[in-house]
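Observations on chain architecture
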Amino acid sequence: MSINIHIIDRKSKKYSAHLIMWLNSYDWYLKQSYDESDGTYDYFTVEDYTQIQGYNGGYPYYLKVDHDIPYDSDHIYDWDPDDDSDNPYNISIGFPWSISFSFDLGGEPTVDEIGSLNYDYGRWEIKNGIGGSLENGDIFKPTTSWKSSGTYASMDIRHWCNFTEVSGNMTAQAYHKLDVDYDYTTPVQ
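All of these numbers come straight from a predicted model, not from anything done at the bench.

Let us look at unusual backbone geometry. Backbone phi values are negative for most residues with the exception of glycine, while trans is the configuration of most peptide bonds. Look at the link from Asp80 to Pro81: it is a cis peptide, with omega at 10°. Looking at where Pro81 falls in the secondary structure, it is placed in the loop between β6 (75-80) and β7 (89-93). Omega for the bond connecting Asn87 with Pro88 falls within 30 degrees of zero, at -10°, which places this linkage in the cis form. Summarising the element assignment, Pro88 is placed in the loop between β6 and β7. In the Ramachandran plot, Glu108 falls in the positive-phi region, its phi being about 50° despite a non-glycine side chain. Note that Glu108 resides in the loop between β8 (99-103) and β9 (110-113). On the accessibility criterion, Glu108 (30% relative accessible area) is partly exposed. A positive phi is found at Asp120, a non-glycine position, where the angle reads about 60°.

Below is the structure:
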């Protein structure tokens, strides 16, 4: 896991550490389906729970989340939520999962789904929009499923979050990357 933080004071054009913020991807769940009969692929899903929090007057204004399937032999199957700009934000992942749930984001920011079936990634940009904004403490819950050949499932998860303080003179960016890797040579049921 790596967290990179860049803080820029726009007024003095210098790096500063006066704005304290936090991007916390505090939970993710990897699930394997045992209810399918596909002889070529095994099916997985990751539920990602990403919380953002600014401190000392800092607040978030942009979040980007990327779920990338890195192996050419594996293929993304589905990802949610879709484009939306108000509560509730809905998750619905079909075969073989039947996963369905919804969540709220306090300020009802705009969620732009920009994933790609051809390039095997689920991606979202969450930003302040007309009538809606990211709020400290918001928990974004994207979910992605994919089919994996062989016996090794992998997903690269990345989070970017931009923060500012009330006057707008100082901004900060947090970046967080983690790899979800699972060798399922001998699956546990």
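Having seen the model, we can carry on.
To continue, consider the packing of aromatic side chains. The description of an aromatic ring pair rests on the distance of the ring centres and on the angle between the ring planes. Counted according to the given criterion, the structure contains 11 aromatic pairs. Ring centres of Phe103 and Phe140 lie 5.8 Å apart, and the angle between their planes is 80°; this geometry places the pair in the edge-to-face category. With Phe103 in strand β8 and Phe140 in strand β11 (residues 139-140), this pair connects stretches of sequence that are 37 residues apart. As far as the burial class goes, Phe103 and Phe140 line up, both buried. Between the aromatic rings of Trp160 and Tyr175, the centroid separation amounts to 5.3 Å while the plane-to-plane angle is 45°, which identifies the pairing as tilted. Taken together, the residues Trp160 in strand β13 (residues 152-165) and Tyr175 in strand β14 (residues 170-183) connect sequence positions 15 residues apart. One aromatic cluster is present, formed by Phe44, Trp146, Tyr182 and Tyr184 through successive ring pairs. Here Lys64 stacks its cationic end above the ring of Trp160, 4.9 Å away from the centre of that ring. A cation over an aromatic ring shows up here: Arg123 above the ring of Tyr121, its NZ or CZ 3.9 Å from the ring centre.

A few words on the confidence of the model for the protein. Predicted coordinates in regions of low pLDDT should not be interpreted in detail. For the protein, per-residue confidence averages 83 on the pLDDT scale, and 84% of positions sit at 70 or higher. This model gives residues 1-20 a pLDDT under 50, and the stretch forms 52 contacts once residues within four places in sequence are excluded.

Remember that side chains alternate between the two faces of the sheet whenever the strand is regular. Across 13 bridges, the pairing between β13 and β14 is antiparallel. Bridge assignment links Ala153 to a residue of β14, and that residue is Tyr182. Taking the residues between adjacent antiparallel strands as the criterion, β13 and β14 are bridged by 4 residues, where Gly168 takes a positive phi near 80°.

Analysis parameters
Residues numbered from 1 in each chain as written. Predicted model: local features only at pLDDT ≥ 70, side-chain atom pairs only at ≥ 80, totals over all residues. Heavy atoms only, no water. Helix = DSSP H or I, 4+ residues; strand = E, 2+ residues; numbered from the N terminus. Buried < 20%, exposed > 50% of the residue type's maximum accessible area, 1.4 Å probe, protein only. Phe/Tyr/Trp six-rings, centres within 6.5 Å; stacked < 30°, edge-to-face > 60°. Lys NZ or Arg CZ within 6 Å of the ring centre and 35° of its normal. pLDDT = per-residue confidence, 0-100. Contact = heavy atoms within 4.5 Å. Pairing = 2+ DSSP bridges.

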